[in-house]
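Residue-level structure breakdown
So you can see what is in the structure, the chains are spelled out below.
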Amino acid sequence: MGLRICLVTPFAWSRPHDVNEHVSGAAQELRRLGHDVTVLAPSTRAADLLAGRRALLDGGGHDVIALGPAVPISRRSRIGVPVGVRANLSLALARGNYDVVHGFEPGLPSLSYLALRDAQALAVATFLSPERLGYPPGKAQRERLLGRLDALVATSEVTAEAAAERLPGDYEVVTPGVELELFRPGSKRRVVVYEWRPTERALARAVARALRELPGWELVLLRTKPLAGRPTISRALRGRAYVRTLRDGASRAPLLNEAAIFVPAFEGLDRVSLEAAAAGAAIVSPPAVREQPELAAAAIARLVEDEAFREREGKCARSKAEGQGFAELAQELDGLYRKLAGKRKQHKPARVPALDGDWIAADLHLHTSWSHDCQIPAEELLDHAEASGLGAIAVTDHNVFGGALEALELARGRDLIVIPGEEVKTDGQGEVIGLFLSEEIPRRLSFAETVAAIRAQGGVVYVPHPFDRLHAIPDPATLHRHLDEIDVLEVYNARLLFEAYNEEALRFARKYGVTMGAGSDAHVLQGIGTGGVRMRSFDGPAQFLESLRTAQVLRRPRSLLYLQSLKWAAQAKERVR
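Keep in mind it's a predicted model, so treat the numbers as computed, not measured. (Residues numbered from 1 in each chain as written. Predicted model: local features only at pLDDT ≥ 70, side-chain atom pairs only at ≥ 80, totals over all residues. Heavy atoms only, no water.)

**Let's talk about the pattern of salt bridges**
Any two side chains of opposite charge can pair, on the condition that their charged atoms come close. A complete count under the given rule lists 27 salt bridges for this structure. Residues Asp 118 and Arg 117 are paired through a salt bridge, measuring 3.0 Å at the closest nitrogen-oxygen approach. Judged by relative accessible area, which is 22%, Arg 117 ranks as partly exposed. In this structure, the salt-bridge partner of Arg 414 is Asp 383, at a minimum N-O distance of 2.9 Å. Here Arg 414, found in the loop between helix H14 (402-410) and strand E15 (417-425), pairs with Asp 383, found in helix H13 (residues 378-387); they are 31 residues apart in sequence, far enough to count as distant. With a relative accessible area of 22%, Arg 414 lands in the partly exposed category. (Salt bridge = Lys/Arg side-chain N within 4 Å of Asp/Glu carboxyl O. Buried < 20%, exposed > 50% of the residue type's maximum accessible area, 1.4 Å probe, protein only. Helix = DSSP H or I, 4+ residues; strand = E, 2+ residues; numbered from the N terminus.)

**A few points about the layout of surface pockets**
Its boundaries defined by the atoms lining it, the second largest pocket holds a volume of some 760 Å³. Of all the secondary-structure elements, those providing two or more residues to the lining of the second largest pocket are helix H5 (139-148), strand E6 (151-154), helix H12 (326-341) and helix H16 (476-481). Of the residues belonging to the lining of the second largest pocket, the class tally is 16 nonpolar, 4 polar and 12 charged. (1 Å grid on protein atoms, 1.4 Å probe; cavity = no way out; pocket = protein on both sides within 12 Å on 5 of 7 lines; lining within 4 Å. Points joined across faces, edges and corners; volume = space filled by probe spheres on them. Nonpolar A, V, L, I, M, F, W, Y, C, P; charged D, E, K, R; others polar.)

**Here's the deal with the side chain of Arg 318**
Tracing the chain through its elements places Arg 318 in helix H11 (residues 307-321). Residue class for Arg 318 comes out buried when judged on its relative accessible area of 11%. Polar side-chain contacts of Arg 318 include one of 2.7 Å to the backbone oxygen of Ala 278. Discounting residues that sit within four places of it in the chain, Arg 318 has contacts with Leu 180, Phe 183, Arg 184, Pro 185, Ala 277, Ala 278 and Gly 280. (Polar contact = N/O pair within 3.5 Å; in protein donor to acceptor, adjacent residues only side chain to side chain. Contact = heavy atoms within 4.5 Å.)

**Regarding the packing of aromatic side chains**
In this structure the tally under the stated criterion is 8 aromatic pairs. Taking 5.1 Å as the distance between ring centres and 90° as the angle between the ring planes, the aromatic pair formed by Tyr 113 and Tyr 135 counts as edge-to-face. With Tyr 113 in helix H4 (residues 111-118) and Tyr 135 in the loop between strand E5 (122-127) and H5, this residue pair connects regions lying 22 residues apart in the sequence. By relative accessible area, Tyr 113 is classed as buried at 4%. We classify Tyr 135 as buried; its relative accessible area is 10%. With centroids separated by 5.6 Å and ring planes inclined at 85°, the aromatic side chains of Phe 498 and Tyr 501 adopt a geometry described as edge-to-face. A network of ring pairs unites the aromatic residues Phe 436, Phe 538 and Phe 544 as a single cluster. (Phe/Tyr/Trp six-rings, centres within 6.5 Å; stacked < 30°, edge-to-face > 60°.)

**What to know about helix H6 (residues 157-166)**
Among the residues of H6, those classed as buried are Thr 159, Ala 160 and Ala 163. Considered in projection along H6, the buried side chains sweep an arc of 100° and stay on one side of the axis. Exposed side of H6, more than 90 degrees from the buried face: Glu 157, Val 158, Glu 161 and Glu 165 are the residues found there. (Arc of directions from axis to C-beta.)

Right, dumping it as structure tokens:
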């Protein structure tokens, strides 16, 4: 079955742009694969804006929806998207009910960044240029964005390396894509096309010098960006050199299809070089040409002098480009989308007796005096839990298992279920709680080793406060890598300073279908029961997980300052003793 896919570009759909060509080509081919694809973009055309508003009112289902007028985008500015456009974006994402939201160039303060930040669906980010990576400026904002991204994509190794410095992760490199039917070798003329850039004067001089010594050959200085200045043509080349401004593929195709040689700019568009290769032009890009631009002149001279060599180079370029069409790009993206969709957990009915026990309140994250930062004796913990109306608790001391064993023994004869657990500190990837354990797990193991140790005991893997950035937490790549092994994600922890961290965990759990848990993380008696779940009574880990899937999160917050002050007072009293 096809997926509902939303592609978001930050650049005006009504104007030529290399990013929009990439998006348009990918969208067209993805539709041919059976996907329902909608492009969200700004526009400068009044008719587009009117049609976009109607599409939003209709509830979507259109190929392109213009969300509002285009605004200038600066790599160093703050987010400049108007409030009305933001509202339209939120409406489009909500009504579209997309499986995947794919934003392009989210390193700019733009629609793409906002779409990926706010999307509830699977989120994919594509970076096409190493020059568009300045946003968001704050590290905390980048970490928040990275936590919401499910896949990182780049259209070149250079871009992937640059993007990874700001948003670390595993990048999948895809082709920029080219329309192979539009760009194909034609009847070649004696034309050299140079992708001109005003800042690359040494290369421009080298190309011009080579053409002066090649009578009968023409030079086309190709401009692909607006407001880029106008090159000067020397007197020796007048009548053989021309300036052409061609900003989209359709206008460039006739020129490149008949060009014999193409010289890319150092900072040129990857798309234009790929188009020239698809058109069968011999590409001038010798090693070390950046350091020695004169090498480009020598390469041009050799190609001109040896027609057979020039033809071979052109055929080789076309052959390489044939594997980089938009159809191939769509196949790569289709595989990525389906891989991400497969990460969503599909809960199969457990082979356990039907749950018909009483509804109880359970606090799944508690500590005793066995933890280094808690002074609650195990017996007092049980007494207070029962007095608070709890029917089940999980004792999860830091890196020790003695408190859980003691509580389990003291609970005999009580109407209180005690789940023996341990909150284990991993080696640099936060903490993992093991529930229903039988023995202690050592600290400082890797995340994978800790999870394996919990599963080896038949325990339940419970990840506490996964997005609390005030403490050590697993990075997004680790969470995604071990998603299949995480049984429960804590979506409410009563001790977190910022509620946004709990909301982030809730968003993650809903996106992937991970079973949700909650606890007070209490270190003082007054905090017990301030967070938890309402669930059916259970017996053993299988029934526990089955019951937890239909549980309701309970929030009974108390002043965090009050609870923390009680904790500090208890620790100070213990030190005095």
